[in-house]
Amino acid sequence: MQHNIVCFRTRHLDQPWSLENYRSVGGYKQLERILNDKIPPEHILERIKQSALRGRGGAGFPTGLKWSFLSRGKPIQKYLICNSDEGEPGTCKDHDILMLNPHQLIEGMIIAAYVLGTTVGYHYLRGEFWHAFQRCEQAIKEAYQEGYLGKNILGSGVDFDLYNTLGAGAYICGEETALIESIEGKRGWPRFKPPFPANYGLYGLPTTINNTETLASVPVILQHGAKWFAHLGGKENGGSKIFSISGHVNQPGNYEIPLGTPFSELLNIAGGVWKNARIKAVIPGGSSMPVLPGEVMKRTRLDYDSLSKAGSMLGTGAIIVMDEHTCMVNALACITEFYYEESCGQCTPCREGSGWVTRLIKRIEAGQGKPGDLDCLEQIAKGIEGRTICAFGEAIAWPVRSFLKHFRAEFEYHIEHGCCQVAARVR
Amino acid sequence: MIKFEIDGKKIQAKSGSTIIEAADAAGVDVSHIPRFCYHSKLSIAASCRMCLVEVENGRKPLPACATTVTAGMKIYTKSHQAMQAQKEVMSFLLINHPLDCPICDQGGECELQDLSMGYGRTSTSFIEGKRSIKDKDIGPLIATEMTRCIHCTRCVRFCSEIAGLRELGILGRGEHSEISTYVEHSMQSELAGNIIDLCPVGALTSKPFRFKARAWELRARAGIAGHDCLGSNINIHIKRESDSQPERIMRVVSRTNEKLNETWLSDRDRFSYTGLYHADRLARPMIKQIGKWQETDWETALTVATQKLQNVIAQNGAQAVGGLISPNSTVEECYLFQAWLRSLGVPHIDHRIRQSDFDHQIQSPLVWSTCKCVQSLEETTSFLLIGSFIREEQPLITSRIRKATQGGARVHVINPVDFDFHLTLTNRCIVSPWGMVCSLAAIAQVLFGNDKKKLNIMPKPIAELIRQQKPNTVEHDIARDLQQDKAPLILLGALAQAHPYFSYLRVLSETIAIEIGAKTLHLTDSANEAGAWLATALPHRRIDGVSIKEPGYNAKAMLAKTLKSYCLFGLEPTYDSAYPELARTALQQAECVIVCSAFKNKAMLEYADVLLPIATHLENEGSFVNIEGTRQSFQRSVNKPFAEARCGWKVLRVLANFMGRPGFDYQTVLELSSELSRNLENDLQSEHIPPVDFKPLPTVSDNTVWRCGYWPIYRNDSLVRRAEPLQVLTVEQDLAKLRLGAALATHLKVNNGDRVSVSSDHPDAKPVTLQVLIDQRIADATVCLPSGLPDIAINGPLSVVRITT
């Protein structure tokens, strides 16, 4: 199996982030080729469609299709935004791309801008990414110096200006319309959709937003061809994906492997479950995705469709492994507390429901649970799900519902005995 | 039109409407969709989620406020899925909301309370602790109880979209979100009170009204607001008489009229009622006997008034009597006032107490602004605003203009002070009062300065003035924009009306309007200026509209000529007149001053002989004619105005009866109105009036200093001046300062904080000592010192002043 061949292709080098090293693996060659040969944007778009590249930010929307929504010919300002907000707990892949291979993202963005006909791009980084921000600033500076950015790129007549912007530390600003509001200098509140950003985005103008990993994959797709990329993964699940595996494994970290790799294989790469413990549960795509029992995961391949069939989602590819000593009530309490803190407060079900859910679970965890609490919890989660402006509602509801679905007995034990089943067993 | 179904009923709606708009238009018989954050006049938030409805083939329930209808759409507002969603949202709203409606001021008129009856449960599964939030102090008008807030953000959106001032926002995140001004301060917007009406819960309530009455104890009577020329529609809420308290007006709220005030109301109109029961209110008729005031009955007071007035007329003739009436009086009062005085032979009748320049009055149109343009303000794309602090003068007209600017309209301003309008201005000429005339003339020059034919038919001094101008780039820009626009609008404000060269401003603006095909609108700062003109409370025109050959004195001349007797109606001339010094002297030397007023003041007790208590506009009956010429009648809201006070028209009628005048036998205000209506029809017959001379151009030296004496928003009339919550907002010490620009300060060699003497440009004028405040918003050669302030009586709100250091 090939590792680190797309976004992490400079990883093996010393100072992998340098322009020189990036060029040594073929960096900026694709951009030069496109501009020199005047390859029509439609051709590139076709390649991207063929590559079966899907959004790496969590939703897995086909990238080529998304790009085709932006009406290229419209004679108004259009924007390209790269979403490096990466707030989903467990996820740390974009950070590594920014630190280790910023130029590939920049090249990807320039090519995307060329395809979409946008002349201005914003790269939105989460507020905590100060080091990554500095690195990207340096990379953008170098790209300007080399004539890859700015007016009349490489004498081709194509313009593209790129700016890094830092967020202020809100999880919700990873939601694309909240991110747009944040760039506009407003409160990070998601917008009601439709209209979608492709029609009404940044400053009310057509905008395309892609995840860092998605955009950084573009130069490699063009270098090796769409077929090569598509064949890396399975059908409709092209390319490789960075999985941030964390939790109770021996070697947590970012692993770039082809989509469709069985979970058990990745677990082996990550050194297996720690302390020779048995695996209990896995959240396969960042904390907002439904949890799956370890046994189910062991039978599942890591791609969009397989995980969906198994009852969860690939999400951002942040895999959280929990061993047999994990208290699921405590785990859920941690997750819901995060969402309680990060709810933006715009719509009622999420604002009020997140606090209610959190208080209720904490009460159960503290041994103060009452009969009927679990039904109530289920009811609240259902009340939030699908009733909010953005997908944040699902981000609270799915963990609650999946934890109850797979580990209800543990919750019932907590309520009945006023203490933790796992702790009792360990004793 | 699009055809679709709501709850199985086939209906039609305009393409692009949202589900909630379509359902509301179809009426409650079709469906009522519950909502909190949605408001037809505000942008869509779609955040409360109360209006979730089921749409056929929809994956999940959709918010009716943000989903546009499409042809053939099938919407279910009462289906299981929709009701489930609505009920769950309601339970989320209620978990942190205090469930103590009996002690909440909103109880009984609360949208959350109402909807919870339909969508709430009788028992709760929520047993966790409730959130509580510290209350904010946002000023004397609005009480806050932020724990009750449901974060609908109507107030936030109102402030930024309608009031034009982003005073409220949300702090914190998620459950910790709270509505706040960030740094705690009083809300400054003159429309802030509307957030009380907007708030669907008891988070924002009226501070003056709080805990004074419950909604179900009140009865509402329709009324017309009386503090600006818009004629906003209001509901007056009255608490019925009880053993402990007589019938009382408890509050005023807005009444929807899309043509005028939409659903809004200015704070001045909303809270002026708080002045109704002020200690200054005249409860009973009073007469002065040998220098001492005593309360008496109506019979005695009217007898004394009659005797005194008849004595003056007998000794000095009716020429020695002057009548001044407030332009805030009803049309009926104005009509009876002039009819009564004219029946006595009194020629000096006027309501234009704030005007300085009466030249060309004979040429004035009978009806001032006939265009029905309040609603069309929003579609206007170019405005020229001359002499107006429009945000304070006409808060709601300003909000319409603000809406127009949000759609790209250009607003050009000619003003002596760079007032903050909370809207985007395209061009501003900030010039001295004389400079205003010159700027307007310069614009005229750009437009037709080379056309000798046009100049030759103009009055000579004005043609001369246009010729003299050298237009600057701003004036060029304004002229060009007005010329290019399809239907520009020229607005003359209260400062233009009080201008010593008002006649110039008027003729220039009318000429420009004709040249470019614009409309003009006079924004008067009183409720019924148009009605007072129609009812001819004027010295130069008879009620049938025919001009009088030898007119009586105008308001200024009446005070300057020191007559033997004055009849005042609804006025406090020492505050309301443009000539407070003249007013005081004239009234004090007069033998007999008869005052019909709702309030008394110190000066009044010195100069008056008889005080007759009358109703305020909130208790009165009659009609007002607003800026666009709409006559709006209103009935008495209370059975009896305050104590022994009577409606003004009755007082005037009985005065006429006591003086033995025939024809004053009206039994009801309706009789009076119908007679008046017949006369108003006559009014519209035009008459040829020969051209008149204009006063010559002034010689303005470099050392001339002009004053800008606008009337601050809450000093405008007797009732507002006594509304305490509004007075808290007007910091008198701040107003009573002499503001001037840095250039003038250097020229006069004064610094911030220095004390200087200011007086009008009259040799005998009494100077007033004031502190200097350097303010960059003031034009060159101009000082800003508001009018209507106690103890600061300087004649001429826009005249030349003398400053001595």
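Right above here is the structure, for reference.
In this report, the structure presented in the accompanying data block is examined.

Our focus in this paragraph is the pattern of salt bridges. Residues and elements named next belong to chain A. Scanning the entire structure with this criterion turns up 68 salt bridges over all chains. A salt bridge links Glu 213 to Arg 56; its shortest N-O distance comes to 3.9 Å. A residue pair is termed long-range when its members are at least 10 positions apart, and Glu 213 in helix H9 (residues 212-224) and Arg 56 in the loop between helix H3 (41-50) and helix H4 (63-69) qualify at 157 residues. For the pair Glu 213 and Arg 56, one class covers both residues: buried. Note that Lys 151 is salt-bridged to Asp 161, the shortest N-O span being 2.4 Å. Linking Lys 151 in the loop between helix H7 (130-145) and strand E3 (161-166) with Asp 161 in strand E3, this pair joins segments that are ten residues apart in sequence. Relative accessible area serves as the criterion here: at 59%, Lys 151 is assigned to the exposed category.

Bringing the interface of chain B and chain A into the picture now. At the junction of the two partners, chain B supplies 37 residues and chain A supplies 34 residues. Around 2,900 Å² of area is buried between chain B and chain A when both sides are counted, 52% of it from carbon and sulfur atoms. Among the residues of chain B in contact with chain A, Phe 92, Arg 173 and Glu 175 of chain B are the three that bury the most area, contributing 25% of the side total. The interface formed by chain B and chain A includes five salt bridges. Taking the shortest distance from any N to any O, the salt bridge between Glu 175 of chain B and Arg 359 of chain A comes out at 2.7 Å. For the interface between chain B and chain A, the tally reads 19 residue pairs in polar contact (both at pLDDT 80 or more). For the side of chain B that touches chain A, the secondary structure elements donating two or more residues are helix H2 (80-95) and strand E7 (169-171) of chain B. Partitioning the side of chain B that touches chain A into residue classes produces 17 nonpolar, 13 polar and seven charged.

Now for helix H16 (residues 373-384) of chain A. The α-helix winds at 3.6 residues per turn, so residues separated by three or four positions along the chain end up facing the same way. Here H16 of chain A spans 16 Å end to end across twelve residues, near enough to the 16 Å set by a 1.5 Å rise per residue. Burial within H16 of chain A is extensive, with nine of its twelve residues counted as buried. Against helix H15 (348-365) and helix H17 (392-417) of chain A together with H2 of chain B lie the buried residues of H16 of chain A. Gly 386 of chain A sits one or two residues past H16 of chain A and shows a positive phi near 75 degrees.

Turning next to the pairing of strand E29 (residues 755-760) of chain B. All names here are of chain B. Both E29 and strand E30 (residues 768-774) contribute to a ladder of four bridges, which runs antiparallel. Looking across to E30, one finds that Arg 755 is bridged to Gln 771. With four bridges connecting them, E29 and strand E32 (residues 800-804) associate as antiparallel partners. Bridging across to E32, Ser 759 finds its partner in Arg 802.

Rules used in this analysis
- Numbering of residues starts from 1 in each chain and follows the order in which that chain's sequence is written.
- Lettering of chains starts at A and numbering of ligands starts at 1, both following the order in which they are written.
- The predicted origin of the model limits local features to residues at a pLDDT of at least 70 and limits the giving and counting of side-chain atom pairs to 80 or more, whereas totals for whole chains, interfaces and linings rest on all residues.
- Water and hydrogen atoms were dropped before computing side-chain values, which therefore reflect all heavy atoms in the structure.
- Just to be clear on terms, a salt bridge is a Lys or Arg side-chain nitrogen sitting within 4 Å of an Asp or Glu carboxyl oxygen.
- Helix numbering and strand numbering both begin at the N terminus, where a helix is a DSSP run of H or I of at least 4 residues and a strand a DSSP run of E of at least 2.
- Burial status follows relative accessibility: with a 1.4 Å probe on protein chains alone, a residue under 20% of its type maximum counts as buried, one over 50% as exposed, and anything between as partly exposed.
- Contact between two residues is taken to exist if any of their heavy atoms lie within 4.5 Å; hydrogens are not considered.
- The term buried area means the drop in 1.4 Å probe accessible area that two parts suffer when joined, counted for both and summed.
- Pairs of N or O atoms are called polar contacts if they sit within 3.5 Å, as long as, within protein, a hydrogen donor faces a hydrogen acceptor (for residues adjacent in sequence, only side-chain-to-side-chain pairs).
- Residues are sorted three ways: Asp, Glu, Lys and Arg are charged, Ala, Val, Leu, Ile, Met, Phe, Trp, Tyr, Cys and Pro are nonpolar, and all the rest, Gly among them, are polar.
- Take the residue count of a helix, subtract one, and multiply by 1.5 Å to get its expected span.
- The pairing criterion for strands is at least two bridges between them, as found by DSSP.

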